Amino acid sequence: MKEETLKLLDSAKARQLMGKLYGENGVDANLARYRDLVEKFVKEFGDKDMMMFSSPGRTEISGNHTDHNHGKVLAGSINLDCAGAAAKNGTDTVNIISETFNQKFSVDLTDLAPSARKAGTVDLVKGLLKGFQEKGYKTGGFDAYITSNVISAAGVSSSAAFEMLLCSMVNMFFNDDQIDVVTYAHVGKYAENEYWDKSSGLLDQMACAVGGLITIDFYNPQDPAVEQIPFDFGSQGHSLIIVNTGKGHADLSADYSSVPGEMKKVAEYFGKEVLAQVKEEDVIADLNRVREYAGDRSVMRALHFFEENRRVEAEVAALKENRFDDFLKGITASGNSSWKWLQNCYTTANVQEQGISVALALTELFIADKGRGACRIHGGGFAGVIMAMLPNDLVDEYTDYIEKALGQGSAYKMSIRPYGSICLNQKM
């Protein structure tokens, strides 16, 4: 109920949790944010036995376009998130209000077929609910009021954050908190694959659901190997900066889907489904016939996959062994490979639109002048965001520099939060 929930937010444990999720500077603002969520939920749905939820966006530190071919990644949950207040309603209807995107809609649990266009939030929610049902889990009606500050359509997984938030709600309300986060990720992947026709892997959902700094090996995608890396970037005097280049990638599904498709075409030549089942030396040994069968860009993207997997291993080792300079070199190498081999910095449908490339070029000039830092493309690519890892004493100067070129508010200083998708009531 409202009064109990507001009292919970006034507790010392609530302040501690907000510090872990958003940093000490974000405690008061986010406590106010959740109080506002509670008030708006009650206004829209009535004073019910509600719970509060949070699911973060994610940063991909290395492992660009490897997950869908069962490769390796290094990623982390960030301090931008999708937050919601929700309660069961005792019906077969899910009612959702998304404040950020000005959406209000209902989904009937007895009619979860996708629309003909297979797009939009309603189809995504239907896909999530159907995904749980297909796996034998319970679903039911609930009301949710949701807000998000995860940058939309820009490579920090605003959609996956939303998906994992709803997964947390379904888990808590109808499955006694017994569903593991790997299942969350598979349900989110199912929804995107089947209800959006988007050939996404598991990286986004896993990073949002698990939380913290993690490395994931997707060789066995039904049970991916997840390892949390206890490393604090702040201890190295560096900050992670995400720069929004101005155009989202929401309308670039064909470019995005071409990457896993072309990689799998190379695997297909060897009678395999994904590149993780193929050896790089076999591709090189039979290169001419592979090129003829799959095409040159497919081969280049396959070579990126193999080398990127090794980079993830090297970067994880560097972090564990506190070789931070070697870690930064790995980020730079990953970015160069994405630009030259993976070729996902801009769409060939419009070669004059290259926001990612411009942002990377400017950032590389800045880093070369200062002699410190690293940068790379971030996320699916073709448009969206880049990532920079910079010494703290350069962050303000870089922010002024890049925002002068790309616009005010385009640079975001991030931190890695220790929790993935959670019900806040359980942590307070």
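Please refer to the structure placed before this passage.
What comes next is a walk through the structure.

### Comments concerning the overall build of the protein
What the protein contains, in helices and strands, is 15 helices and twelve strands. The C-alpha radius of gyration of the protein comes to 21 Å, within 12% of the 22 Å expected for a compact globule of 428 residues. Counting every position in the protein, which comprises 428 residues, the buried fraction comes to 57%. Entry remark: accessible area of the protein is about 17500 Å², with carbon and sulfur atoms responsible for 47%. The average position of the 44 basic charges and that of the 58 acidic charges among the side chains of the protein differ by 0 Å.

### Observations regarding the packing of helix α8 (residues 253-269) against helix α10 (residues 287-294)
Orientation of α8 relative to α10, taken along the N-to-C sense of each, is 125°, at an axis distance of 9 Å. By the criterion of interaxial angle, the relationship of α8 to α10 is oblique. Along this stretch, α8 crosses α10, giving a crossing that reads as right-handed. The residues of α10 that touch α8, namely those facing Lys265, Val266, Glu268 and Tyr269, are Arg289, Val290, Tyr293 and Ala294. When grouped by side-chain class, the residues that make up the contact of α8 with α10 number five nonpolar, no polar and three charged.

### Observations concerning the pairing of strand β8 (residues 238-244)
Where burial is concerned, most of β8 is hidden: seven out of the seven residues are buried. Neither face of β8 is left uncovered, since the one carrying His238, Leu240, Ile242 and Asn244 and the one carrying Ser239, Ile241 and Val243 both have all their residues buried. Pairing of β8 with strand β10 (residues 385-391) involves seven bridges; the strand directions are antiparallel. The residue bridging Ile241 from the neighbouring strand is Ala388, located in β10. Where β8 lies against strand β11 (residues 411-414), four bridges are found, and the strand directions are antiparallel.

### Here we look at the sheet that holds β10
Spatially, the four strands line up as an open sheet ordered β9-β10-β8-β11, and their pairing is antiparallel. In this open sheet, the two edge strands, each paired with only one partner strand, are β9 (374-378) and β11. The average undirected angle you get between the axes of adjacent strands in this sheet is 25°. Relative to β9, helix α13 (residues 355-370) is tilted by about 170°, and along the sheet it contacts β9 and β10.

### Quick notes on the environment of Glu268
As for its placement among the helices and strands, Glu268 is situated in helix α8. The partly exposed category is assigned to Glu268, whose relative accessible area is 40%. As for Glu268 and Ala374, which are separated by 106 residues in sequence, their C-alpha atoms are 35 Å apart.

### A word on the side chain of Asp255
Mapped onto the elements of the fold, Asp255 is located in helix α8. As a buried residue without a salt bridge, Asp255 has its nearest oppositely charged side chain in Arg297, at a separation of 5.9 Å. Not counting residues up to four positions away in its chain, the partners in contact with Asp255 are Thr347, Thr348 and Phe382.

### Side note on the side chain of Arg301
Within the secondary structure, Arg301 is located in helix α11 (residues 296-320). Leave out the neighbours within four places in its chain, and Arg301 touches Ser258, Val259, Glu262, Met263, Trp341, Leu342, Gln343 and Phe382.

### Observations regarding the packing of helix α4 (residues 120-134) against helix α5 (residues 158-174)
With their axes 11 Å apart at the nearest point, α4 and α5 run at an angle of 45° to one another. Judged by the inter-axis angle, α4 sits oblique to α5. Every pair of crossing elements has a handedness; the one defined by α4 and α5 is right-handed. Here Thr121, Leu124, Val125, Leu128, Leu129 and Phe132 of α4 come into contact with α5, specifically with Ser159, Phe162, Glu163, Leu166, Cys167 and Val170. Residue composition of the contact of α4 with α5, by class: nine nonpolar, two polar and one charged.

### A few points about the pattern of salt bridges
Summed over all chains, the structure comprises 30 salt bridges. Between Arg35 and Asp10 there is a salt bridge, and its shortest N-O distance comes to 3.0 Å. Placement of Arg35 in helix α3 (residues 27-45) and of Asp10 in the loop between α1 (2-9) and α2 (12-22) is noted, with a sequence separation of 25 residues between them. Taking the relative accessible area as the measure of exposure, Arg35 reaches 29% and is therefore partly exposed. Residue Asp10 is classed as exposed on the basis of its relative accessible area, which comes to 56%. Put simply, Asp36 and Lys40 hold a salt bridge, and the shortest N to O gap is 2.9 Å. Here Asp36 and its partner Lys40 are both found in helix α3, four residues apart, which amounts to about one turn of the helix. Given the relative accessible area of 34%, Asp36 is considered partly exposed. Through salt bridges that share partners, Glu60, Glu308, Arg311 and Arg376 make up one connected network.

Cut-offs and rules
- Residues numbered from 1 in each chain as written.
- Predicted model: local features only at pLDDT ≥ 70, side-chain atom pairs only at ≥ 80, totals over all residues.
- Heavy atoms only, no water.
- Helix = DSSP H or I, 4+ residues; strand = E, 2+ residues; numbered from the N terminus.
- Rg over C-alpha atoms; globule rule 2.2 N^0.38 Å.
- Buried < 20%, exposed > 50% of the residue type's maximum accessible area, 1.4 Å probe, protein only.
- Areas by Shrake-Rupley, 256 points an atom, 1.4 Å probe, with all protein chains shown as cover.
- Lys, Arg positive; Asp, Glu negative; His and termini not counted.
- Charge placed at Lys NZ, Arg CZ, Asp CG, Glu CD.
- Axes fitted to C-alpha atoms, helices over the stretch in contact; angles between N-to-C directions.
- Parallel < 35°, antiparallel > 145°, perpendicular 65-115°, else oblique.
- Left-handed = near helix turned anticlockwise from the far one by under 90°.
- Contact = heavy atoms within 4.5 Å.
- Nonpolar A, V, L, I, M, F, W, Y, C, P; charged D, E, K, R; others polar.
- Pairing = 2+ DSSP bridges.
- Salt bridge = Lys/Arg side-chain N within 4 Å of Asp/Glu carboxyl O.

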